[in-house]
Each structure stands twice: as structure tokens, then as C-alpha cells.
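A structural walkthrough
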Amino acid sequence: MADSSRVDFWEQRYREGVTPWEGASLPEPARRFFASLPPSTVLLPGCGSAGDMPPLLALGHQVLAVDFSESAIALARKQWPAGADRLLLGDFFQLELPAFDCVFERAFLCALPKEMRGQYAERVAGLVKPGGVLAGVFFLGDSERGPPFGMAENDLQALLDPLFTLEQALPLPDGLPVFSGRECWMVWKRRGFDLDQTLKA
């Protein structure tokens, strides 16, 4: 089975144009949420062609979009030349990054092998300021084959709690076909604790 944690898995798909997860617009609940925030720092991990970056920039936020696929970043730079300086080629799990007000989830968690989910939760929690948020579109509904790898809502809750508190959840029935109408807009607020102490407990 192909390993979706490896860069060559994604390089091949972007080079061949096999990217059914691309092309979605920023959902209306997301637009309302980000419009309600003061200017904030927002990280887009596993950004692909970074289609969510321009509307977030237009709303006044400082955005950094990261992907480890050179072909994905090249596509993003071609599509959004005005935001080229907001695009970073690198491994989300290895880069040295500051803490952000928000990490924006969009087809990244579901792209990872299931055994990397715990690593994802800890890494994201470490990059969100206490009181900040993990917000985005989550693919729900457990699926053995992928990517995308869906997960049951109770499993997502178990993964992110006690690092985050769920503040908003709204189904998005009209997403891309690859997600089978099983996407949900969610806002998870980072709990206000010392992360290192929590992970050692």
C-alpha cells in the first residue's frame, strides 16, 4: 500500500494532476468565523495549492501556508503570485515555527496515515497559542481505505481532547465528491495549560 506520509506519494499526484481534494472554496461558516476575528496569524499545514489562502488574506489575516510537496507549492505560487511569500516548502512535523492564533485544518489530517494522528494532535497543539484555535474542515466517518482517511466523530473527540475544547460543529453537505458529503466545519479552542506538562502527565 502506498504511504501517504511520504513526499513522493503526493509529488506523483500533483505532477499527474490527480488531485480530487483540490478546488473547494472557503465554506461560508469559515468565512463568517474568520471575518469575526481581529487580524490573526493563521497557519495552513498541508496546504496543497493553498486555495484557502487568498480569502483569508483578504479578510486581513497573516497567513503562512506549508506543504512538503515541491509540486504543490509550485502550483500554489503559480496560482497565487501575490501570496508567493506566504508559501513555505517544508515538512510540517519538522519545521521550526512560532505559535499561531489559529491552525486551519483542510484535508490534511485525513491525508495522514492513521498511526500519525496522535503526532498531528500534539504538533498542532504545540503551534496554537493557549486560547487560540484549531479551526477547519474535518472529514468524518471512519474509512479503512484512503487517503482520505475519515474518522468517526467520537474518535476525533478522543484525539483532540484534552488538548482542545470543541466550540462549534456544522455539517457541510455540499463539499467535494471525494469527501462524500461527510465534511464538518469545526472550531476547537486550545486549552490554556502548559503543553509540555500535559503531555508528560
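Residues numbered from 1 in each chain as written. Predicted model: local features only at pLDDT ≥ 70, side-chain atom pairs only at ≥ 80, totals over all residues. Heavy atoms only, no water.

Comments concerning helix 4 (residues 70-79)
Spelled out, the test is: When accessible area is computed with a 1.4 Å probe and restricted to protein chains, residues below 20% of their type maximum are described as buried, those above 50% as exposed, and intermediate ones as partly exposed. A run of DSSP states H or I qualifies as a helix once it reaches four residues; a run of E qualifies as a strand once it reaches two. Both are numbered from the N-terminal end. We call two residues in contact when some of their heavy atoms are within 4.5 Å.
Where helix 4 is concerned, the buried positions are Ser71, Ala72, Ile73 and Ala76. Against helix 1 (7-16), strand 2 (62-67) and strand 3 (87-89) lie the buried residues of helix 4.

Quick word on the environment of alanine 72
Its place among the elements puts alanine 72 in helix 4. Along the chain, alanine 72 and tryptophan 10 lie 62 residues apart, while their C-alpha atoms are 8.2 Å from each other. Leaving out residues up to four positions away in the same chain, alanine 72 has contacts with Glu11, Tyr14, Gly48, Ser49 and Asp67.

Topic: the confidence of the model for the protein chain
Applied cut-off: Each residue carries a pLDDT score, the predictor's confidence in it, ranging from 0 to 100.
The share of residues in the protein chain with pLDDT of 70 or more is 94%, and the mean pLDDT across the chain is 89. Confidence, read as mean pLDDT per element, is least for helix 7 (residues 195-200) in the protein chain (46) and greatest for strand 1 (residues 41-45) (98). Low confidence marks residues 196-201, where pLDDT is under 50. Its contacts with residues over four positions away, or in another chain, come to 4 contacts.

Observations concerning the pairing of strand 5 (residues 128-139)
The criterion, for reference: Note on pairing: two strands pair once DSSP finds at least 2 bridges between them. Note on handedness: a crossover is taken as right-handed if, strands pointing away from the viewer, the path from the first strand over the helix to the second is clockwise.
For strand 5, the buried fraction is high: 9 of the 12 residues fall into the buried class. Here 6 bridges tie strand 4 (residues 100-106) to strand 5, and the two strands are oriented parallel to one another. In the sheet register, glutamate 105 faces strand 5, and the bridge partner there is glycine 136. You can see the chain leave strand 4, run along helix 5 (residues 117-127) and come back into strand 5, and the turn it takes is right-handed. Bridge count between strand 5 and strand 7 (residues 183-190): 7 bridges; the pairing is antiparallel. Pairing of leucine 134 across the sheet is with tryptophan 188, part of strand 7.

Details of the packing of helix 1 against helix 4
For clarity, the cut-off: Between N-to-C directions, angles cover 0 to 180 degrees, with each direction set by a line fitted to C-alpha atoms, over the stretch in contact for helices. In what follows, roughly perpendicular refers to angles from 65 to 115 degrees, roughly parallel to angles under 35, roughly antiparallel to angles over 145, and oblique to any angle outside these ranges. Only Asp, Glu, Lys and Arg are considered charged in this grouping, and only Ala, Val, Leu, Ile, Met, Phe, Trp, Tyr, Cys and Pro are considered nonpolar; every other residue, Gly among them, is considered polar.
The interhelical angle for the contact between helix 1 and helix 4, taken along N-to-C directions, is 40°, at an axis separation of 7 Å. Judged by the inter-axis angle, helix 1 sits oblique to helix 4. Contacts between helix 1 and helix 4 pair Glu11, Tyr14 and Arg15 from the former with Glu70, Ser71, Ala72 and Leu75 from the latter. Its residues placed into classes, the contact of helix 1 with helix 4 shows 3 nonpolar, 1 polar and 3 charged.

Description of the sheet that holds strand 4
Ordered in space as 3-2-1-4-5-7-6, the 7 strands form an open sheet in which the pairing is mixed. The outermost strands of the open sheet, each flanked by one partner alone, are strand 3 and strand 6 (164-172). Within the sheet, the average angular offset between the axes of one strand and its neighbour, ignoring direction, is 20°. Sheet topology note: the strand 1/strand 2 ladder contains 5 bridges and is parallel. Its bridge partner lying in strand 2, leucine 44 is registered against alanine 65. Each of strand 1, strand 4, strand 5, strand 6 and strand 7 touches helix 5; the most contacted strand, strand 5, lies at about 135° to it. Each of strand 5, strand 6 and strand 7 is contacted by helix 6 (residues 153-160), which is oriented at about 20° to strand 7, the strand it contacts most.

Some points on unusual backbone geometry
The omega torsion of the bond from aspartate 161 to proline 162 falls at 25°, within 30 degrees of zero and hence cis. Here proline 162 is to be found in the loop between helix 6 and strand 6. Here the phi dihedral of alanine 107 falls at roughly 60°; this positive angle occurs in a residue that is not glycine. Residue placement: alanine 107 occurs in the loop between strand 4 and helix 5.

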